[in-house]
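Chain by chain, the residues:
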Amino acid sequence: AQTVTQSQPEMSVQEAETVTLSCTYDTSESNYYLFWYKQPPSRQMILVIRQEAYKQQNATENRFSVNFQKAAKSFSLKISDSQLGDTAMYFCAFSRTGNQFYFGTGTSLTVIP
Amino acid sequence: DTEVTQTPKHLVMGMTNKKSLKCEQHMGHRAMYWYKQKAKKPPELMFVYSYEKLSINESVPSRFSPECPNSSLLNLHLHALQPEDSALYLCASSQAATGSGEQYFGPGTRLTVT
């Protein structure tokens, strides 16, 4: 079975600073996908960034980037130049071909003005 | 259009009521999902529909009954719920359950069972 672990239940960061959220996973699959989703308070869950396991290059989306270490089964999210709107729950998710998502327990991030 | 819509936004129902939640997407996605989410917790998968057929039922109690009338619509029929069923119910869609693409989530229905 696939498991996804987020070891940081809560984090905070000063506005304009950089923060890294950690995620590890366990799988015996070689082909899979990893995602970071953001869920602001009382708002919709949206996709932040997506990584395909067969791609060695780390995905980036504007201020968001990942550090994907396949051998270590690690998939951390770096948020640069943090903004107040980044305050949210962040969920790491794993998906293998032909099946559903496995979510981590989430990290609650607060950006402090 | 990358939108998944859900109605109603809020629902309060008694334990003897029957109600339905509705989800709609017009992205041409052929996989649709129902999740249950408690506060500060990750979504828990309930059902997966692939090409309008139920492909996964995560041992959900029969008081929850899903229905997929067509490729754009997903319903969740509720009957004789318990107070512990109070939660945010999320609908999501993806290109296909056989793929590995991202899921697009709706805003959810906040359900309170009294």
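Coordinates for the structure precede this section.
Below: a short report on this structure. Worth saying up front: this structure is predicted, and the values here are computed from it rather than measured. (Residues numbered from 1 in each chain as written. Chains lettered and ligands numbered in written order. Predicted model: local features only at pLDDT ≥ 70, side-chain atom pairs only at ≥ 80, totals over all residues. Heavy atoms only, no water.)

1. Brief notes about the pairing of strand β9 (residues 87–94) of chain B
Residues and elements named next belong to chain B.
Item 1. Of all eight residues in β9, eight are buried; the element is thus mostly enclosed.
Item 2. Pairing between β9 and strand β11 (residues 109–113): three bridges, direction antiparallel. By the bridge assignment for β11, leucine 88 is matched with arginine 110.
Item 3. As defined by bridge partners, β9 adjoins strand β10 (residues 104–105) across two bridges and the pair is classed as antiparallel. Residue pairing across strands places alanine 92 opposite phenylalanine 105, the latter belonging to β10. (Buried < 20%, exposed > 50% of the residue type's maximum accessible area, 1.4 Å probe, protein only. Helix = DSSP H or I, 4+ residues; strand = E, 2+ residues; numbered from the N terminus. Pairing = 2+ DSSP bridges.)

2. Overview of the interface of chain B and chain A
Item 1. Each side of the interface is counted separately: chain B has 22 residues, and chain A has 21 residues.
Item 2. Interface of chain B and chain A: buried area, both sides summed, is about 1600 Å²; carbon and sulfur atoms make up 55% of it.
Item 3. There are one salt bridge connecting chain B and chain A.
Item 4. Here arginine 50 of chain A makes a salt bridge to glutamate 102 of chain B, at a shortest N to O gap of 2.8 Å.
Item 5. Run the count over chain B and chain A and you get four residue pairs in polar contact (both at pLDDT 80 or more).
Item 6. When contributions to the side of chain B that touches chain A are tallied by element, the ones reaching two or more residues are β4 (31–37) and β9 of chain B. (Contact = heavy atoms within 4.5 Å. Buried area = accessible area lost by both parts, 1.4 Å probe. Salt bridge = Lys/Arg side-chain N within 4 Å of Asp/Glu carboxyl O. Polar contact = N/O pair within 3.5 Å; in protein donor to acceptor, adjacent residues only side chain to side chain.)

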